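The residues making up each chain are set out below.
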Amino acid sequence: MQQFTHPELIRGLGPIAAISINVGNIIGTGIFLKARVMTCNVGTPWRVILVWVVAGLLALAGALTYAELTTMRPHAGAEYVITKDAYGRVWGFLNGWSQFLISRTASAAALAVGFSIFMNDLLGGKLNAVYFTYPVPGFGEVPFGRLQVVALITIAVTTLINCAAVSVSGHVASFITILKVLVVLGVGVGAFFYQDGSWSHLGMANTASCAGEVTGAGVFGFGAAMLGALWAYDGWNNISYMAGEVKHPERNLPLALIGSMLIIIALYVLVNVSYYYVLTPTEVASVPLKSSVAAEAVRRVLGDAAQAGSSLYGPLAVSFMAAVMMLSSWGSLQTSILGTARIPFAMARDGVFFQSLARVSRSTKVPVISLIVQGIWAGVLTLSGTFDQLTNLAVFAFWLFYGMVAAAVFVFRWREPDAPRPYRTWGYPVVPALFVLVTICLIVVTIYNDPLRSVAGLAIIAAGLPVYFYFSRKNRAA
């Protein structure tokens, strides 16, 4: 173990890399996969678009609030640090515990599954083979096949890449983010050149059967659709985990948090309008689970080009689209794994987690052991459920603590009125208060819609208490 020591992390991320990490983490699988289930939830395109706007504004309110908090506490694993300083060490630990054990690693698992789904599109369904199924409490019979094998390999390779220096990871994130934005723009703008597209689709309602989904125009259908949208927006706070590695955090952290959200809201609304311009809501709701709405829209648009005389153009273009979506999901996985590893690292530095996770590589100055342990656990979660099940579990755990972290702005304003604040939340106290209230409502709706999985998530979070007390006693004894 001589290759490891305990140096400080290096501030090697500039403003472009910081924005790229946030945008790159947000644009992942959700924008391509969630339109189907959201259409099932609320029934009409206009309600789906409204969900995207509301969810985007909610995430923007969170970004505005986090901008103040992270500039006050620009440290690795900033959410954990903020929660600890605002509410005490035990709550900080439970936040970090839930991020590491459920939300962030379940997010990585879902992204890896999404990557394998897109690869399956590219290969024409050759990854559909299932070797066997096995029961998982709360998830039912879960399949194990080629999709799961590809997902596991993807997590392993991505973890190894992130063991390089943080500046290298930042350059990788910047390059992939540029490609992602170009692709999303291409899908959104290109769809409007489809001759058989119609704006009338936006006034239609879904008539397809959506067995097993929460449906209806009421608050619970809307809340279920919000989970899908919030999964697609998730990552808006990803740069906060790497606050200790951002250059000039007083300027670059607010720029990355707020700027990335404004970009993403515009892109997401554009793309979803384009989906319904090409496809009817019934066709969107009928897209197979192992495919994506984006791929179906591209097939529809480019299929006409093939019929018009270019028999090769359509299939090649669709294959290219599937390959780019693979890149998109992998890019989000890369930035997600990059940021998440800083949470157990920060906990270990405080003496409330395994000390080996605080070790930093001498050569790359990154927490390599934390990255490897995180990758192994994400692989375990990959085998525990389907894409939608994993994302719902992750979103529930995410937003439970997002509300607590955002509410810390009130705690610090009261407790530390004279503390340096390089950035002050725009719209305070209304913006953070609305964020916290909507978060509470979202959690209540989630528990109502899926009580079994919600209770399981709460139980896993509560299971961190004995772990915390064990490490606390061990730290005091030392």
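Refer to the structure above for everything that follows.
Cut-off values and rules
- Residues numbered from 1 in each chain as written.
- Predicted model: local features only at pLDDT ≥ 70, side-chain atom pairs only at ≥ 80, totals over all residues.
- Heavy atoms only, no water.
- Core = buried A, V, L, I, M, F, W, Y, C linked by side-chain atoms within 4.5 Å.
- Buried < 20%, exposed > 50% of the residue type's maximum accessible area, 1.4 Å probe, protein only.
- Helix = DSSP H or I, 4+ residues; strand = E, 2+ residues; numbered from the N terminus.
- Contact = heavy atoms within 4.5 Å.
- Axes fitted to C-alpha atoms, helices over the stretch in contact; angles between N-to-C directions.
- Parallel < 35°, antiparallel > 145°, perpendicular 65-115°, else oblique.
- Left-handed = near helix turned anticlockwise from the far one by under 90°.
- Nonpolar A, V, L, I, M, F, W, Y, C, P; charged D, E, K, R; others polar.
- Expected span 1.5 Å × (residues − 1).
- Polar contact = N/O pair within 3.5 Å; in protein donor to acceptor, adjacent residues only side chain to side chain.
- Salt bridge = Lys/Arg side-chain N within 4 Å of Asp/Glu carboxyl O.
- Phe/Tyr/Trp six-rings, centres within 6.5 Å; stacked < 30°, edge-to-face > 60°.
- Bend = angle between axes of the 7 residues up to and from the residue.
- Patch = residues over 30% accessible without salt bridge, like charges linked within 9 Å, V, L, I, M, F, W, Y side chains within 5 Å.
- Areas by Shrake-Rupley, 256 points an atom, 1.4 Å probe, with all protein chains shown as cover.

**Focus: the nonpolar core**
Side chains that are nonpolar tend, in soluble globular proteins, to be buried together. In terms of nonpolar packing, the biggest core is built from 142 residues, with Trp 236, Ile 239 and Tyr 275 touching the most fellow members. Ranked by residue count, the leading element in this core is helix H5 (residues 89–122), at 15 residues. Ignoring any residue separated from it by four or fewer positions in sequence, one finds Ile 239 in contact with Leu 13, Ala 18, Ile 21, Asn 22, Val 246, Leu 253, Ala 256 and Leu 257.

**Here we look at the packing of H5 against helix H6 (residues 146–161)**
At a closest axis distance of 8 Å, the pairing of H5 and H6 adopts a crossing angle of 125°. Between H5 and H6, the interaxial angle falls into the category oblique. Note that H5 runs across H6; the crossing there is right-handed. Residue-level inspection shows Ala 109, Ala 112, Val 113, Phe 115, Ser 116, Ile 117, Met 119 and Asn 120 of H5 in contact with H6, the latter providing Leu 147, Val 150, Ala 151, Thr 154 and Ile 155. Considering only residue class, the contact of H5 with H6 consists of 10 nonpolar, 3 polar and no charged.

**Looking at unusual backbone geometry**
Between Tyr 428 and the following residue, Pro 429, the backbone shows a cis peptide bond with an omega angle of 5°. Along the polypeptide, Pro 429 turns up in the loop between helix H15 (387–415) and helix H16 (430–449).

**What about helix H8 (residues 219–233)?**
Between the first and last C-alpha of H8 there are 20 Å, a value that for 15 residues agrees with the 21 Å anticipated at 1.5 Å per step. Across the 15 residues of H8, 12 count as buried, placing the element largely inside the fold. The set of residues buried in H8 consists of Gly 221, Gly 223, Ala 224, Ala 225, Met 226, Leu 227, Gly 228, Ala 229, Leu 230, Trp 231, Ala 232 and Tyr 233. Of the residues one or two after H8, Gly 235 is the one with positive phi, at around 115°.

**What to know about the environment of Arg 104**
Topologically, Arg 104 is positioned in helix H5. Through-space distance from the C-alpha of Arg 104 to that of Asn 238 is 9.9 Å; in sequence the pair is 134 residues apart. Only 2.5 Å separates the side chain of Arg 104 from the side chain of Asn 238, close enough to count as a polar contact.

**Remarks on the pattern of salt bridges**
Side chains that differ in charge, positive against negative, can pair when their charged atoms come close. Tallied over the full model, the rule gives 5 salt bridges. Note that Arg 421 is salt-bridged to Glu 68, the shortest N-O span being 3.1 Å. With Arg 421 in the loop between H15 and H16 and Glu 68 in helix H3 (residues 45–72), the pair connects residues that are 353 residues apart, well separated along the chain. Arg 421 sits in the buried class, given a relative accessible area of 11%. Lys 84 is the salt-bridge partner of Asp 350, the closest N and O atoms lying 2.8 Å from each other. Of this pair, Asp 350 sits in the loop between helix H13 (342–349) and strand S4 (360–361) while Lys 84 sits in helix H4 (residues 78–87), and the two are 266 residues apart along the sequence. By relative accessible area, which is 23% here, Asp 350 ends up partly exposed. Through salt bridges with shared partners, a single network forms among Glu 68, Arg 413 and Arg 421.

**Considering the packing of aromatic side chains**
Applying the stated criterion across every chain, the model contains 23 aromatic pairs. Relative to Trp 236, the ring of Tyr 66 lies with its centre 4.8 Å away and its plane at 70°, an arrangement referred to as edge-to-face. Of this pair, Tyr 66 sits in helix H3 while Trp 236 sits in the loop between H8 and helix H9 (249–278), and the two are 170 residues apart along the sequence. The pair Tyr 66 / Trp 236 is uniform in exposure class, with both members buried. A centroid spacing of 5.2 Å and a plane angle of 25° characterise the contact between Phe 132 and Phe 144, whose relative ring orientation is stacked. Residue Phe 132 is found in strand S2 (residues 130–136), and its partner Phe 144 is found in strand S3 (residues 140–145); the two are separated by 12 residues along the sequence. Accessibility expressed as a relative area gives 17% for Phe 144, which makes it buried.

**Regarding H3**
Compared with an ideal rise of 1.5 Å per residue, which puts 28 residues at 40 Å, H3 spans 41 Å between its outermost C-alpha atoms and is within 8% of the ideal. At Tyr 66, H3 shows its strongest bend, of approximately 25°. Buried residues dominate H3, accounting for 22 of its 28 residues.

**Some thoughts on a nonpolar patch on the surface**
On the surface, a cluster of nonpolar side chains totalling about 530 Å² of accessible area is made up of Tyr 131, Phe 132, Val 149, Ile 153, Val 157 and Ile 161. When residues of the nonpolar patch are traced back to their parent elements, those giving at least two are S2 and H6. The biggest single contributor to the nonpolar patch is H6, with 4 residues. Val 157 sits in the partly exposed class, given a relative accessible area of 43%.

**Describing the packing of H3 against H16**
In contact at an axis separation of 9 Å, H3 and H16 are set at 125° when each is read in the N-to-C sense. With respect to H16, the element H3 is oriented oblique. Where H3 crosses over H16, the handedness of that crossing is left-handed. The segment H3 lies against H16, with Leu 58, Ala 61, Gly 62, Leu 64 and Thr 65 engaging Val 431, Pro 432, Phe 435 and Val 438. For the contact of H3 with H16, a count of residues per class yields 7 nonpolar, 2 polar and no charged.

Functional significance is not addressed by these values, which are geometric in nature.
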